[in-house]
Amino acid sequence: MGDGTVPRMHQRRATTTAPARPELELGRVVPAERRLDGVPKVTGQFAYASDLSAAGMLWGHTLRSPHAHARIRALDLSQALAQPGVHAVLTHEDVPGQKRYGLEFADQPVLAFDRVRYYGEPVALVAAEHPEQARRAAARIRVEYEPLEPVADAPRATELPPIHDHRWTHGHGYLDDPRPNVVRSLVIRHGDPDAGGDVSVAGVYELGMQDQAFLGPESGLAVPDGDGGVDIYVATQWLHVDRDQVAPCLGLRPEQVRLHLAGVGGSFGGREDLSMQIHAALLALRTNRPVKMVYSREESFVGHVHRHPARIEAEHRADRDGRLVCVRMRIVLDGGAYASSSAAVTSNAACFACGPYAVANALIEATSVYTNNPPCGAMRGFGAVQTCFAAEAQMDKLAAALAVDPIELRLRNALAPGDTLPTGQRVSGSLPVAEVIRRCAELPLPEPEELPRDAIRLPGGAGNTTRGEGVRRGVGFALGFKNLCFSEGFDDYCAARVRLFENAGGELVAEVHCAAAEVGQGVTNVIAQVARTELGTENVVLAPHTTATVDSAGSSSASRMTWMAAGAIRLACRAAREELERRGGALAGGEIGVERVYRHPRTWPLDPDTGQITGERAHVAFACAAMRVVVEVDAELGLTRVVWIGAAQDVGRALNPQAVEGQIEGGTAQGLGLALMEEISTRGGLIDNASFTDYLIPTALDVPPVESVLVEDPEPDAPYGVKGVGEPPTVVSTAAIASALRDATGRELARVPVRPDDVVGL
Amino acid sequence: MEVLTPRSLAEALALKAERPDAVPIGGGTDVMVELNFDRARPDALLNLNEVGELKGWSREDGRVRLGAALTYADAMRPPLCDLLPALAEASRTVGSPQIRNRGTIGGNLGTASPAGDALPPLLVEGAEVEVASVRGSRRLPLSEFLLGPKRNALAADELVAAAVVTPSGQPQTFMKVGTRNAMVIAVCSLALVADRERGELRAAYGSAGPVPALVSAPLADREAFAERVAAAARPIDDLRGTAAYRRHALRVLTERALERCLA
Amino acid sequence: MRIALVVNREPHEADVWEGESLLFALRERLGLPGSKNACEQGECGSCSVLLDGRLVCACLVLAVQADGHEVITVEGLGDGDQLHRVQEAFLEAGAVQCGFCTPGLVVATVDLLERVPQPSDDEIREALAGNLCRCTGYAKIFDAVRLAAGIQP
Ligand SMILES: Cc1cc2nc3c(=O)[nH]c(=O)nc-3n(C[C@H](O)[C@H](O)[C@H](O)COP(=O)(O)OP(=O)(O)OC[C@H]3O[C@@H](n4cnc5c(N)ncnc54)[C@H](O)[C@@H]3O)c2cc1C
Ligand code: FES
Ligand code: FES
C-alpha cells in the first residue's frame with residue numbers, strides 16, 4: 001500500500017501485513033485521493049445515464065414477450081403508429097445489419113423474430129414524445145403468439161428438444177457436446193478420479209438465480225450525428241465491446257458508432273451484455289432525434305443477465321489425516337435462453353470447484369445449458385460462487401466426519417505457490433492461502449450479546465418477532481478463490497493514452513485517456529493515482545471515457561480493471577516521461593502524446609477433452625479470501641441475524657485501502673443476499689418477483705459490521721503487485737454464512753437462499 | 001387522467017359522488033406503485049391530501065378516532081402509541097421511515113390487503129370503520145369492512161373517514177414475520193390482546209388468509225390458543241412463503257405473544 | 001396540468017402529466033435530476049426528499065400532490081459551494097461507490113440528525129433501512145453518519 005497518512009476510518013477496522021517479497025521491484029504508489037467523482041455524487045450533480053437529456057429528445061420503450069417460449073405468428077403495428085406523439089415503431093425487420101448479437105456468441109436477436117425464448121425478450125420498439133405515450137403505443141402493438149412448451153428444468157434440458165436451431169457454441173474449441181441445449185460442457189480429469197480415501201462425504205447443493213440488482217437501472221441516450229453515425233451515452237462495463245456488437249447490427253462501421261460512458265449506477269456483471277444500446281440507436285437513426293431509454297425496475301429484472309442457478313453433486317474423499325484425496329463434482333448451470341458468458345462461467349465453476357486446496361485427484365464435470373429461463377451470464381464471482389458454496393459445505397462435512405476442527409482441516413489442505421491445480425496449472429504467482437486462513441481465524445469473535453434486547457438487534461429485526469426466544473448462535477467459516485483477469489487464451493489488454501502539455505501558468509499537465517469503465521469501484525482514482533506517481537505531478541486530468549479517443553480498456557469485470565488500468569497507465573506515463581527526458585525535460589510550448597497497450601502474461605485454452613492446460617497457464621493469477629461469520633438464528637421461526645463477519649483477503653497490494661475495504665464490505669453484502677433472501681423466482685420460465693418488493697436485497701438492518709484484514713502479498717505479474725479485490729468476498733460470503741447457519745441449527749441447508757422453512761425443518 | 005383536489009371533506013364527498021370512478025389517493029404508497037408500474041390508469045384520482053378533517057386523531061367519549069389520513073409515523077408517537085400499543089408496534093414494522101411518513105391507516109383500509117399491518121391490531125381492539133358519503137356516514141365493524149383480498153365494503157361514492165377504537169388498555173403486542181429484517185411485506189403477522197378485564201384472549205392474523213381475521217377464546221383456554229389461531233388461519237402457498245410455514249409461524253408467534261402479554 | 005411549488009427554497013412552476021410522480025417532475029420538468037429513480041415503488045429510498053420537512057419517497061408522491069408545498073432535494077442541502085456536513089462526511093468516510101443511493105441517503109441522514117442528533121447504531125440502521133445501497137454493504141455509510149454527528153468511533 002502507499003505510505004503517507006492512512007485515513008482514520010480505515011485504521012479503526014482494517015489491518016495490513018507488510019509485503020512479503022522485498023526482492024520484487026514493485027515501486028511505490030502515492031496515496032489515493034478522495035473519490036474524484038465524490039463531490040458531484042454527494043451533491044446530486046453527477047450525471048448518470050438516466051439523467052441525460054438532449055434537445056428534441058424522444059423516449060424509447062421496449063415491447064417484451066409475455067411468454068417464456070412462443071412462436072411469433074404475426075405482428076401488427078398499425079394501431080401503435082397511430083397513437084399521439086409516436087415517431088417510430090420498429091421490429092426485427094428494421095434492423096439494418098446483423099440480426100443477432102452476443103458477448104461471446106452472436107445467438108441473441110436484436111428484436112425477436114420467429115420465436116421468443118425467454119420472458120421479457122424484446123420484440124418491438126417505440127419512440128414517442130413522452131414516456132407514457134411510448135408505453136401506451138407499445139401496448140397497442142398486436143403480437144400473435146403461439147405458446148410453446150418451455151424448457152424450464154435445467155438438469156433435464158439436455159434431453160429436451162433444442163431451443164435453438166443452430167449450435168452457436170460449437171466449433172469454438174470447446175468440447176462439441178452432441179446433447180441438445182448444451183452451451184458448454186467441460187470435464188476436468190486430474191490424477192486418478194477413482195482414487196478412494198478413508199472417508200467420503202457427499203451432498204447435492206443448489207443455488208437460486210441471483211440478480212445484480214444494481215441500483216441504477218439500464219439507461220442511455222443515443223444521438224444521431226447527422227452523418228449516418230450515432231453517439232451512444234450509456235452505463236456499461238466495457239465501451240469497446242459494446243461498440244463491436246452495436247455497429248454490425250446497425251450496419252455501420254465501428255468508427256461511426258461512438259460509445260461514451262455515462263454515469264454508472266453499479267454493475268456487478270449485469271452491464272457486461274448489451275441492454276438498450278442497439279435499440280436506442282435504431283430509434284435515434286430512424287427518427288433522426290436523440291432517443292433516451294430508461295428501464296423501470298421491473299424491466300431491469302428482464303433487461304440483463306443473472307447469476308446462473310446451479311445444481312451441484314459433490315463427493316469429497318480424504319485420508320484419515322484429513323488430506324483431500326479426490327474431489328468429484330457434477331455441476332449443472334442454467335444458462336437461460338442465450339449464451340451470454342455462460343461458456344466462461346462454466347469454465348470458472350469447474351476450475352475453482354475444488355476451492356484453494358491441493359487435490360491430487362479430481363473429476364469435475366460442468367455443463368451449462370440453454371433453457372427458456374431468463375438468460376444468465378456474468379455476476380460478481382462468476383461461477384466460483386456456486387462451486388464455493390458446494391465445496392465449503394463439503395469441507396465442513398468432512399471436518400465433522402473426521403472430527404477435525406474445520407479451520408484446521410482447511411489449513412491442512414491449503415494450496416500454496418508451486419502446487420498444481422486440477423487443470424494441471426502450477427500456481428506461479430502469489431496465493432497466500434494459509435496466511436489468509438490464519439489471519440481470518442485470529443480475528444476475535446464478538447462476545448454473545450445479552451438477552452433480552454430490542455428486537456431490532458435480533459433475528460426478525462423490525463418485525464418484533466422475538467426478544468430472545470428461540471435464538472441460537474452459530475459460527476461459520478469458509479474459504480474461496482478465483483482467477484483475476486480474463487483467461488483461457490483471451491487476448492486481454494488495456495490501452496491508455498497520455499498527453500503532456502503546459503498550462504497557462506507554464507506547469508506540466510497530464511491528460512489521461514483510458515476507456516476503463518468507472519462503475520463505482522473507484523478505477524478513476526487508481527488511474528489518477530498511478531499517473532501522479534509515474535509523472536510526479538499533481539496536475540493530472542482525466543479525459544472522458546469513450547471509444548472515440550482511445551483503444552479498448554477491456555471490461556470492468558473479472559477483478560481485472562485495477563490491474564489492467566494500472567498497467568496501461570504506467571506504460572503510457574513512462575513512455576511519456578522518457579519522451580520528455582529526451583526533449584531535455586521541457587516541452588517548450590509543444591506537447592507529447594503517447595498511447596500504450598498493456599497485456600498481462602499470456603494464458604492458454606483448456607484442452608476440450610481433458611480440461612487440462614495447453615500451455616503454461618489457463619489463468620493468469622488468483623486471489624483468495626476467508627470469512628468467519630457469527631449468526632443468530634431464531635430456530636423456531638427460521639429467521640436470521642448476521643451478527644458479525646470477519647474477513648481476510650489476499651489483495652496483492654492495496655493501492656487504496658479504504659476502497660478495498662469498501663469492495664470487501666459490499667461484496668460480502670451481496671453474498672449475504674444470496675445466502676438469505678435473493679432469488680429470482682420463475683415458474684415455467686416466467687419471473688414472478690420482478691420488483692424490489694418481491695426480490696429482496698439486504699437493508700441496513702441485514703448487513704453486519706465487517707472486520708477486514710488486508711493480506712498483502714504482492715502479485716509478481718501485476719503492476720505494483722496489485723490484485724483485483726471485488727469478487728473474492730462475494731465468492732466466500734454465501735458459503736460462510738451458510739456454514740454459520742448450519743452450526744446454529746444442525747441442519748444441512750444445502751440450498752441457498754436458505755428459506756425459513758429450511759431452517760425450521762418443514 | 002384527471003386529478004381532483006378537494007379542500008374539505010364535504011367537497012371530497014361531493015366529488016366522489018359525482019365521479020364514483022375517481023380513485024382516492026392519500027399517502028399514495030399503494031396507488032403510486034400501481035401508476036408507476038403501469039398497472040392502473042384510472043380516469044381520475046381524488047387527492048385527499050388537502051382534506052384537513054381526515055388528518056390526525058381525536059378522543060371522543062372514551063373512544064379514539066383515527067382520521068383516515070393518520071400516518072404510521074403519527075401512530076408511533078405518544079400519547080397515541082400508549083393508547084394503542086399494538087398499532088404502534090405494527091406501525092414500526094411498516095416499510096421504512098419514508099413509507100411511515102406517508103402511508104395512512106385509511107390507505108391500509110382502502111387497500112384491504114391480507115398483509116395490511118394496521119389491520120390485525122385494529123381487529124383485536126374491536127375497531128369500527130367510519131365510512132362517509134353525501135348520503136351520510138355509517139360505522140361498521142372492521143371484520144365486516146374487510147370482504148376479501150383487496151376487497152372492502154366501500155360503496156362507489158364512499159370514502160373512509162376514520163377508524164374508531166375503544167382502547168382496551170390491556171397488554172397487547174404485534175409481530176410480523178418477514179424474510180429480511182426490515183422493509184418486508186408480512187409472510188404472516190399476529191396481533192394479540194390478553195384482555196384480563198373481559199377474561200378474553202383476542203388474536204388477529206395477517207397474511208394467513210384472504211383477510212386478516214380475529215380469533216378469540218376465554219383467557220382460561222390459553223394452552224390451546226396457539227393451536228386455535230393456527231387452525232383458524234387459511235394460509236396459501238405463495239411467493240413469500242408456504243401455507244405450512246405460515247401455520248407453524250402463527251403457532252410460534254401466538255405462544256410468544258401470550259408470554260409477552262401475560263408475563 | 002400546471003403546478004406551483006417551492007423547491008429548495010425557490011418558487012417553481014411546472015406543467016405535469018396528471019399521473020406522474022413528484023420524482024419525474026423534479027427530474028424531467030424542473031431540471032433537478034439529483035433525486036434518483038431506482039425502483040419507483042418506494043423500496044429503495046434513492047428518491048428521498050423532504051416534503052414540508054418530512055422524509056418521503058418522491059416516486060410515491062403524485063406531482064400534483066406537491067402543488068402548493070415545499071420540497072428540499074439533495075441539490076438544496078449545501079450552501080452554495082459549501083457542502084453540507086453530511087455530504088462532507090460521506091466523502092470522508094468512503095461511503096460513496098457508484099453513488100446512485102447517495103443522494104437519498106444523504107437526505108435521509110440529514111433528516112435523521114435533525115430529529116436525533118446523536119443516534120445510536122441501532123437508530124442509524126433503523127432510520128436508514130429504507131435506503132438500499134447495493135455497493136457498500138452500508139458499513140462506511142454508518143461511519144459517515146457517525147462522523148457527521150460527531151460521534152467518536
Ligand atoms: C415500500 C413500501 C413498503 C410498504 N410496507 C408496508 C408494510 O410493511 N405494511 C403494510 O401494511 N403496508 C405496506 N405498504 C403498503 C402501504 O404503505 C400501506 O397500505 C399504506 O397504509 C397505504 O396508505 P396510503 O395512504 O399511502 O394509501 P394510498 O396509496 O393513498 O391508497 C391506498 C388505497 O386506499 C384507497 N384510499 C386511500 N385513502 C382512502 C380513503 N380515505 N377512503 C377510501 N379509500 C381510500 C386508495 O384508493 C387505494 O385504493 C408498503 C408500501 C410501500 C411502497
Ligand atoms: S425510486 Fe423511489 S423509492 Fe426507489
Ligand atoms: S454506492 Fe452504489 S448503490 Fe450505494
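Residues numbered from 1 in each chain as written. Chains lettered and ligands numbered in written order. Predicted model: local features only at pLDDT ≥ 70, side-chain atom pairs only at ≥ 80, totals over all residues. Heavy atoms only, no water.

*Asks:* How would you explain the packing of helix 10 (residues 222-232) of chain B against helix 11 (residues 243-262) of chain B if you had to name every residue and give the values?
*Replies:* Residues and elements named next belong to chain B. Here helix 10 crosses helix 11 at 145°, and the two axes come no closer than 8 Å. Helix 10 and helix 11 meet at a crossing whose hand is right-handed. On helix 11, the residues touching Arg222, Glu223, Phe225, Ala226, Glu227, Val229, Ala230 and Ala231 of helix 10 are Arg247, Leu250, Arg251, Thr254, Glu255, Leu258, Glu259 and Leu262. Tallied by class, the residues present in the contact of helix 10 with helix 11 amount to 8 nonpolar, 1 polar and 7 charged. (Axes fitted to C-alpha atoms, helices over the stretch in contact; angles between N-to-C directions. Helix = DSSP H or I, 4+ residues; strand = E, 2+ residues; numbered from the N terminus. Left-handed = near helix turned anticlockwise from the far one by under 90°. Contact = heavy atoms within 4.5 Å. Nonpolar A, V, L, I, M, F, W, Y, C, P; charged D, E, K, R; others polar.)

*Asks:* Please provide a residue-by-residue account of the side chain of arginine 742 of chain A, values included.
*Replies:* Residue and element names in this part refer to chain A. Position of arginine 742 among the secondary structure elements: in helix 15 (residues 728-745). Although buried, arginine 742 forms no salt bridge, and the nearest oppositely charged side chain, aspartate 396, lies 4.4 Å from it. Looking at arginine 742, its side chain comes within polar contact range of the main-chain oxygen of leucine 749, at 3.1 Å. (Buried < 20%, exposed > 50% of the residue type's maximum accessible area, 1.4 Å probe, protein only. Lys, Arg positive; Asp, Glu negative; His and termini not counted. Salt bridge = Lys/Arg side-chain N within 4 Å of Asp/Glu carboxyl O. Polar contact = N/O pair within 3.5 Å; in protein donor to acceptor, adjacent residues only side chain to side chain.)

*Asks:* Residues and numbers for the nonpolar core, please.
*Replies:* In terms of nonpolar packing, the biggest core is built from 105 residues, with Met329, Ile364 and Ile737 of chain A touching the most fellow members. Here this core takes 11 residues from helix 9 (residues 384-402) of chain A, the largest share from any one element. Those residues in contact with methionine 329 of chain A that sit more than four places away from it in its chain are Ile312, Glu313, Ala314, His316, Ala353, Leu363, Ile364, Glu365, Thr387, Ala390 and Ala391 of chain A. Counting 89 residues, the second largest nonpolar core, distinct from the first, contains Trp59, Ala222 and Cys485 of chain A together with Phe24 of chain C. (Core = buried A, V, L, I, M, F, W, Y, C linked by side-chain atoms within 4.5 Å.)

*Asks:* Quick one: what's the story with the sheet that holds strand 8 (residues 122-128) of chain A, residue by residue and with numbers?
*Replies:* All names here are of chain A. Spatially, 7 strands are ordered 4-8-2-15-12-13-14 in an open sheet, and the strand pairing comes out mixed. On the outer flanks of this sheet lie strand 4 (86-90) and strand 14 (257-261), each paired with one strand and no other. Strand-to-strand, the axes of this sheet are offset by a mean angle of 20°, without reference to chain direction. Across 5 bridges, strand 13 (residues 230-234) lies against strand 14 in parallel orientation. Its bridge partner being in strand 14, tyrosine 233 is matched across the sheet by histidine 260. Sheet contacts for helix 4 (residues 131-139): strand 2 (58-64), strand 4 and strand 8; angle to strand 2, the most-contacted strand, approximately 30°. (Pairing = 2+ DSSP bridges.)

*Asks:* Explain the domain arrangement of chain B to me, using residue names and the numbers behind them.
*Replies:* When cut into domains, chain B gives domain 1 (1-48) and domain 2 (172-262). Placing a centre on the C-alpha atoms of domain 1 of chain B and another on those of domain 2 of chain B gives a separation of 34 Å. (Domains from an automatic or database assignment.)

*Asks:* Outline helix 1 (residues 9-18) of chain B, supporting the account with residue identities and numerical values.
*Replies:* All names here are of chain B. Restricting attention to buried positions, one finds in helix 1 the residues Leu9, Ala12, Leu13, Leu15 and Lys16. Angularly, the buried residues of helix 1 cover 160° about the axis, an arc narrow enough to put them on a single face. In helix 1, those exposed residues whose orientation departs by more than 90 degrees from the buried face are Ala10 and Glu18. The inward-facing, buried residues of helix 1 abut strand 1 (2-4), strand 2 (23-25), strand 3 (44-47), strand 6 (128-133) and strand 10 (159-165). (Arc of directions from axis to C-beta.)

*Asks:* Describe the interface of chain C and chain A, and please don't skip the residues or the numbers.
*Replies:* Counting residues at the interface gives 51 residues for chain C and 63 residues for chain A. For the chain C and chain A pair, buried surface summed over both sides reaches about 4700 Å², with 57% attributable to carbon and sulfur atoms. Counting across the chain C and chain A interface gives 9 salt bridges. Summed over the shared surface of chain C and chain A, the result is 35 residue pairs in polar contact (both at pLDDT 80 or more). Looking at which element gives the most residues to the side of chain C that touches chain A, the answer is helix 2 (residues 85-93) of chain C, with 6 residues. (Buried area = accessible area lost by both parts, 1.4 Å probe.)

*Asks:* Can you lay out the interface of chain B and chain A for me, pointing to particular residues and giving the numbers?
*Replies:* Facing 30 residues of chain B, the contacting portion of chain A comprises 44 residues. Contact between chain B and chain A buries roughly 2900 Å² in total, counting both sides, with carbon and sulfur atoms accounting for 51%. Interface area lost by chain B to chain A is led by Arg180, Asn181 and Arg256 of chain B, which between them contribute 27%. The tally of links between chain B and chain A comes to 7 salt bridges. Put simply, arginine 136 of chain A and aspartate 38 of chain B hold a salt bridge, and the shortest N to O gap is 3.2 Å.

*Asks:* Tell me what's going on with the packing of aromatic side chains, and back it up with residues and numbers.
*Replies:* Tallied over the entire structure, the rule returns 15 aromatic pairs over all chains. Seen from their ring centres, tryptophan 238 of chain A and phenylalanine 490 of chain A are 6.5 Å apart, and the 70° between their planes marks the pair as edge-to-face. Of this pair, tryptophan 238 of chain A sits in the loop between strand 13 and helix 5 (239-250) while phenylalanine 490 of chain A sits in the loop between strand 19 (471-484) and strand 20 (493-502); the two residues are 252 residues apart in sequence, bridging distant segments of the chain. The partly exposed category is assigned to phenylalanine 490 of chain A, whose relative accessible area is 42%. An aromatic cluster of three or more residues is present, and its members are Phe46 and Tyr48 of chain A together with Phe100 of chain C. The positively charged end of arginine 184 of chain A is found above the aromatic ring belonging to tyrosine 174 of chain A, 3.8 Å away from the centroid. The ring of phenylalanine 486 of chain A carries arginine 560 of chain A above its face, with NZ or CZ at 5.1 Å from the centroid. (Phe/Tyr/Trp six-rings, centres within 6.5 Å; stacked < 30°, edge-to-face > 60°. Lys NZ or Arg CZ within 6 Å of the ring centre and 35° of its normal.)

*Asks:* Hey, could you go over the site of ligand 1 for me, with residue numbers and the actual values?
*Replies:* Around ligand 1, a shell composed of 34 residues is seen, among which Pro24, Gly26, Thr29, Tyr72 and Thr104 of chain B lie nearest. Near ligand 1, residues from chains B and C are present, making the site a shared one. One of the side-chain nitrogen or oxygen atoms of lysine 176 of chain B is found 2.8 Å away from an oxygen atom of ligand 1. Taking 960 Å² as the accessible area of ligand 1 by itself, protein coverage stands at 91%. The biggest single contributor to the shell around ligand 1 is helix 7 (residues 105-111) of chain B, with 4 residues. Looking at the shell around ligand 1, its residues break down into 15 nonpolar, 15 polar and 4 charged. (Near = heavy atom within 4 Å. Areas by Shrake-Rupley, 256 points an atom, 1.4 Å probe, with all protein chains shown as cover.)

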